[in-house]
Amino acid sequence: MYDFKQIEKKWQKAWDDAHVFEAQDNSTKPKFFGLVEFPYPSGSGMHVGHIKAYSGLEVISRKKRMQGYNVLFPIGFDAFGLPTENSAIKFNTHPRILTDANIEKFTGQLKQVGFSFDWTRTIDTTDEAYYKWTQHIFLELFKNGLAFRDTALVNYCPHCKVVLSNEDSQGGKCDICHSDIVQKSKDVWYLRITKYADRLLEGLESVDYLPQVKQQQINWIGKSTGAFVNFKVSGTDEELRIYTTRPDTLFGVTFMVIAPEHPMLARCRDRITNFDALEAYREECAKKTEFQRTQLNKDKTGVKIEGICGINPLNNKEIPIYVADYVMMGYGTGAIMAVPAHDERDYEFAKKFGIDIIEVIKGGDISTEAYTGDGEMVNSEFLNGYDNKKDSIKRMIEYLEEKGIGEEGVQYKMKDWAFNRQRYWGEPIPIVHCEHCGMVPVPEEELPLRLPEVKNFEPGEGGESPLAKIPEFVNCKCPVCGKDAKRETDTMPQWAGSSWYFLRYVDPHNDKCLADPEKLKYWMPVDWYNGGMEHVTRHMIYSRFWHKFLYDMGEVNTEEPYAKRTAQGLILGPDGEKMSKSRGNVVDPNEVVEQYGADVLRTYILFMGDYGAAAPWDVNGIKGCKRFLDRVEALFAMAKDKGATPALEASFHKTVKKVTIDIEEMKFNTAIAAMMSLLNEIYDVGSITTDELKTLVLILCPFAPHICEELWERLGGEGLCSVAKWPEWDEAKCEDKTVEIAVQILGKLKGTVTVDVNADKDSVLNLVKNDPRFTPFIEGKTIVKEIFVPGKIVNIVVK
RNA sequence: GCACCUGUGGCGGAAUUGGCAGACGCGCCAGACUUAGGAUCUGGUGUCUUUGAUGUGCAGGUUCAACUCCUGUCAGGUGCACCA
């Protein structure tokens, strides 16, 4: 038992005073840039999940520092956003005041855990010296045509009163309040992320991300290849353009479907004889939330368009056109050719509406279900006889292009990024709307465009930003013509500030540019980025997009921002469920620090299981780690100055090796287990020297730095343990002289023999065959086979 | 529905990647020291019908040898979700 409270305070101060965790911009050492996702400073303070998220790279950074790296391990605060604004409204205060208080609270809590962050580089996305550069990047995007306004169906949260991006409304629920999203036609800002879709996809090949992370991004981008085909519409000049991934099945088309919102309907109004019915159907669909529309996938609905029909460009056959909400306006062209024989959805629709089903690929039984597999083409004129999907697709596309009725095409599921929120607590969008000049960027020298001080920042009922109610902010002069103009009043979404924050860490106080190119050149890319899986399809994709854009602008020097990406698993409540206030199973890290100390908290969080997997919190597990650190501390009383402990030499080398390698592979649980084993051995042997204990203290330091500093000092170690040299191991000394070999007869374990490490097959087999424990299994039988794996096993197969 | 991941003691989890399953920790049992123990220390602890057999969700298969590879299947988790 030791006084952890006093010790932890003492060494946290010592680290601050010695500036040991500050990164050097000019250094000849190799660099390591370790990045963790900066927290949103919420009012409820830190969660044990934050500690786990930061502890991984904390241990790696500390080890790298001890190994002689110049380490940049920064932290900051992603502080713009709705929760703070909502609680400011609730408590009738200002988000600035809340944000400052929350940041102070978080800072105190982070320091209390002893994280080795470089506190001189802390950033706050709501700081005007920071968001000046967020606005700068927005203007660059605008000037390059990548930020634009468009009126389209958007995801709208009626509760938060904001437009949400696709990424923020996954599953048809608002990411902030979990209300149902509704679709609404609105004039909003977009960032043209789709222009970078291919590069975001290709870039994944050059980075070291967890396979799940890559896969999720690939799925989110959702690239598909196929063809666009133009269908004439009878009695009109219309050409109905569709997208399909299966042009090979074009002879099997028996109807077409367009989305309820498809603009062709209005254009063909005069020819359509049931326009009212179609209009009624469209209105019915509009009432459904996105969620309902996608959940109702069992029963297909739709209305046939009367008065016009499509014409298959291959054979000029007339085919009916339907309006149905299983086709989305937001993907492809909002219109499809339907091949019921070979598409499940089309099949279901055709069955319900009694439409013909024509088989064009052999192999299934289309009287019972759609056949989506491969097979020989039939009923398809020039494609008949082909039996490979790839060949027939290629052949068909050639034909379409030759005849000028279609061409090869690519589609993405990813849509452009809806980039504005109608709320107060975000970066103002630096654009002026001028009657004469249109949308005009605020001149760079006027940045930052500050958020005005206001008393009332509640969102407007009509979906307008609170900023719209402030005449002094809204009314301005056009920067181009000087006439009266109005400012954009929407703000940027939560994800803006985090899309480039890692760049600012490199040069956080620069007021000339977002970061000095020389410093970027030295530090970038981020060597290792760890964070949660929940950010893989949002923050990760957004920031990769901004980074690639900045690379194209010449503002950064690497095409990809993150060389490596890992993710920690959740900490579940003691009941094995996800921690939540409503379940009442939330563990407060402060209480653990108070009761057991920061070292115990850190060690336990990394010991509780596989870092990448979810694991439930266990109060008794904490006690085990407490016991471990107490037993390490107690070794000091046992340590002798002179001599060595030969019995432990190999164990020390093995443990140093294992801990060094395991940390690098994020196998923190087995690294700690190895140190616990070593400790048990030390107690078994009953003696240890000062130098040996120093070695243990050094390798334990990244996990439990406070007690290690204390022991380091008591043992007479030079300087601070946190920056002392990481121990090395001697491979030769890791080898044991003898080894225990398992003896199997017919694959069944019968016992073990201890032999010299270098013992050869013959000598070991000889030993086994003459061992009375094994002779009964061999005598009187024929030996069919003898297997010998050096250092592991012998297996004698008898008959 | 599709994709990916995970199934190992009472619990969290190990297993050098095909070579002694259950490291390490928790819990539990017994003992020691104690006025006391939710402190500390020592020993034990997969299961069973215990000189042996059996065992990594389930059923098969490959192999001298399978938690590990293959086929099928069940269960749980995560993500996407009428994407044409």
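Remember, predicted model here, so these are calculated numbers, not experimental data.

Caption draft 1: The overall build of chain A, seen in detail. The helix and strand inventory of chain A stands at 26 helices and 32 strands. Residue pairs at least 24 apart in sequence account for 72% of intrachain contacts in chain A once pairs closer than 6 positions are excluded. Across chain A, 99 positive and 119 negative side-chain charges occur, with their mean positions spaced 2 Å apart.

Caption draft 2: Geometry of the environment of F228. Mapped onto the elements, F228 comes out in strand 9 (residues 224–233). Placed 181 residues apart in sequence, F228 and G409 show a C-alpha to C-alpha distance of 5.9 Å. Ignoring anything within four residues of it in the chain, the contact list for F228 reads R241, I242, Y243, T333, I405, G406, E407, E408, G409, V410 and Q411.

Caption draft 3: Broad picture of the sheet that holds strand 23 (residues 528–531). Sheet architecture is open: five strands sit in the order 2-1-23-24-8, paired in parallel fashion. Whereas interior strands pair on both sides, the edge strands pair on one side only; in this sheet they are strand 2 (70–72) and strand 8 (208–209). Direction of pairing for strand 8 relative to strand 24 (residues 564–567): parallel, over a ladder of two bridges. For Y209, the partnering residue across the bridge sits in strand 24 and is R565.

Caption draft 4: Quick look at the nonpolar core. One finds W617, L696 and F703 to be the most contacted residues of the largest nonpolar core, which totals 85 residues. Beyond its immediate stretch of four places on either side in the chain, F703 contacts V59, D599, R602, T603, L606, V659, I663, F668, A671, I672 and M675. In terms of nonpolar packing, the next biggest core, distinct from the first, is built from 80 residues, F80, L146, L201 and F549 among them.

Caption draft 5: Inspection of the protein's contact with RNA strand B at higher detail. Surveying the vicinity of RNA strand B reveals 51 residues, the closest of which are Q170, K300, R345, M608 and N795. Taking all atoms of RNA strand B within 4 Å of the protein, the share assigned to sugar and phosphate is 61%. Between a sugar or linking oxygen of RNA strand B and a main-chain N or O atom of T245, the distance comes to 2.5 Å. For RNA strand B, a base nitrogen lies 2.8 Å from a polar atom in the backbone of M328. Each residue belonging to the surface near RNA strand B can be placed in one class, and the counts come to 20 nonpolar, 18 polar and 13 charged.

Caption draft 6: Broad picture of the sheet that holds strand 19 (residues 431–434). Read across the open sheet, the four strands follow the order 20-19-22-21; overall the sheet is antiparallel. Of all strands in the sheet, those bounded by a partner on one side alone are strand 20 (438–441) and strand 21 (475–477). Strand after strand, the sheet turns through a mean of 45° between neighbouring axes, direction not considered. Bridge count between strand 19 and strand 22 (residues 484–487): two bridges; the pairing is antiparallel. Considered in strand 22, the bridge of V432 is made with R487. Along the sheet, helix 5 (residues 128–143) makes contact with strand 19 and strand 20, crossing strand 20 at roughly 135°.

Caption draft 7: Up close: the pairing of strand 23. Of the two faces of strand 23, the one carrying W528 and N530 and the one carrying Y529 and G531 are both buried. As judged from the three bridges shared by strand 23 and strand 24, these two strands associate in the parallel manner. Note that in strand 24 the partner of G531 across the bridge is A567. In this region the chain leaves strand 23, passes through helix 16 (residues 539–552) and returns to the parallel neighbour strand 24; the handedness of that crossover is right-handed.

Caption draft 8: Broad picture of the packing of aromatic side chains. Under the counting rule described, the total for this entry stands at 42 aromatic pairs. Taken together, a centroid distance of 5.7 Å and an interplanar angle of 75° make the contact between F251 and F382 edge-to-face. Taken together, the residues span a long stretch of sequence, with F251 in the loop between strand 10 (239–244) and strand 11 (255–258) and F382 in the loop between helix 11 (344–353) and helix 12 (389–403) at a distance of 131 residues. Their ring planes at 85° and their centres at 5.2 Å tell us that Y322 and F349 sit as a pair that is edge-to-face.

Caption draft 9: Fine view of the side chain of D416. Its place among the elements puts D416 in the loop between strand 17 (406–411) and strand 18 (417–418). R192 provides the closest opposite charge to the buried, salt-bridge-free D416, at an N-O distance of 4.4 Å. Of note is the side chain of D416, whose polar atom sits 3.1 Å from the backbone nitrogen of I193. When residues no more than four places from it in sequence are discounted, the contact partners of D416 are F148, Y190, L191, R192, I193 and T194.

Caption draft 10: The arrangement of the pairing of strand 20 in detail. Direction of pairing for strand 19 relative to strand 20: antiparallel, over a ladder of four bridges. If you follow I431 over to strand 20, its bridge partner there is P441. In textbook terms, the turn of a hairpin is the stretch between consecutive antiparallel strands, and for strand 19 and strand 20 this stretch comprises three residues.

Caption draft 11: Unusual backbone geometry, seen in detail. Residue L447 is joined to P448 through a cis peptide bond whose omega torsion reads 0°. Relative to the helices and strands, P448 resides in the loop between strand 20 and helix 13 (471–474). The omega torsion of the bond from M524 to P525 falls at 0°, within 30 degrees of zero and hence cis. Inspection of the secondary structure assignment puts P525 in the loop between helix 15 (517–523) and strand 23.

Caption draft 12: Representation of the packing of helix 18 (residues 598–607) against helix 21 (residues 668–685) within the structure. Here helix 18 crosses helix 21 at 115°, and the two axes come no closer than 7 Å. From helix 18, T603, L606 and F607 reach across to helix 21, where they touch F668, N669, I672, A673 and M676. Residue composition of the contact of helix 18 with helix 21, by class: six nonpolar, two polar and no charged.

Caption draft 13: Structural detail: the state of the cysteines. All told, the structure shown has zero disulfides when counted by the stated rule. Between C478, a free cysteine, and C434, which holds the nearest cysteine sulfur, the sulfur-to-sulfur gap is 3.6 Å.

Caption draft 14: Structural view of a negative patch on the surface. Together, D374, E376, D387 and D391 line one region of the surface with negative charge. Examined against the element boundaries, D374 turns out to sit in the loop between helix 11 and helix 12. A relative accessible area of 42% places D374 in the partly exposed class.

Caption draft 15: Here's a closer look at helix 20 (residues 646–664). Look at helix 20: 29 Å from first C-alpha to last across 19 residues, which is about the 27 Å you get at 1.5 Å a residue. Within helix 20, burial applies to L648, A650, S651, F652, H653, T655, V656, V659, T660, D662 and I663. On its buried face, helix 20 sits against helix 2 (48–66), helix 21, strand 28 (688–689), helix 22 (690–700) and helix 24 (731–734). One or two steps after helix 20, the chain reaches M666, where phi turns positive at roughly 60°.

Caption draft 16: View of the environment of K132. Here K132 shows up in helix 5. Distance in space between the C-alpha atoms of K132 and K287 is 41 Å, their sequence separation being 155 residues. Setting aside anything within four residues of it in sequence, one finds K132 in contact with L447, P448 and D511.

Caption draft 17: Focus on helix 11. Turning to helix 11, its buried residues are D346, Y347, F349 and A350. For helix 11, the buried positions fall inside an angular range of 165° around the axis, keeping them on one side.

Caption draft 18: Region of the structure containing the pattern of salt bridges. This structure, assessed with the given rule, holds 46 salt bridges. For K725, the salt bridge identified is with E728, shortest N-O distance 3.3 Å. Here K725 matches E728 in class, with each residue exposed. Residues participating in the shared-partner salt-bridge network are R199, R544, K548, D552, E559 and E560.

Caption draft 19: Looking closely at the confidence of the model for chain A. Overall, the prediction assigns chain A a mean pLDDT of 90, with 98% of residues at 70 or greater. The ipTM, which scores confidence in the relative placement of chains, is 0.94 for this predicted complex, and the corresponding pTM is 0.92.

Rules behind the numbers
Residues numbered from 1 in each chain as written. Chains lettered and ligands numbered in written order. Predicted model: local features only at pLDDT ≥ 70, side-chain atom pairs only at ≥ 80, totals over all residues. Heavy atoms only, no water. Helix = DSSP H or I, 4+ residues; strand = E, 2+ residues; numbered from the N terminus. Contact = heavy atoms within 4.5 Å. Lys, Arg positive; Asp, Glu negative; His and termini not counted. Charge placed at Lys NZ, Arg CZ, Asp CG, Glu CD. Pairing = 2+ DSSP bridges. Core = buried A, V, L, I, M, F, W, Y, C linked by side-chain atoms within 4.5 Å. Buried < 20%, exposed > 50% of the residue type's maximum accessible area, 1.4 Å probe, protein only. Near = heavy atom within 4 Å. Polar contact = N/O pair within 3.5 Å; in protein donor to acceptor, adjacent residues only side chain to side chain. Nonpolar A, V, L, I, M, F, W, Y, C, P; charged D, E, K, R; others polar. Axes fitted to C-alpha atoms, helices over the stretch in contact; angles between N-to-C directions. Right-handed = clockwise from strand over helix to strand, strands pointing away. Phe/Tyr/Trp six-rings, centres within 6.5 Å; stacked < 30°, edge-to-face > 60°. Salt bridge = Lys/Arg side-chain N within 4 Å of Asp/Glu carboxyl O. Disulfide = S-S within 2.5 Å. Patch = residues over 30% accessible without salt bridge, like charges linked within 9 Å, V, L, I, M, F, W, Y side chains within 5 Å. Areas by Shrake-Rupley, 256 points an atom, 1.4 Å probe, with all protein chains shown as cover. Expected span 1.5 Å × (residues − 1). Arc of directions from axis to C-beta. pLDDT = per-residue confidence, 0-100.

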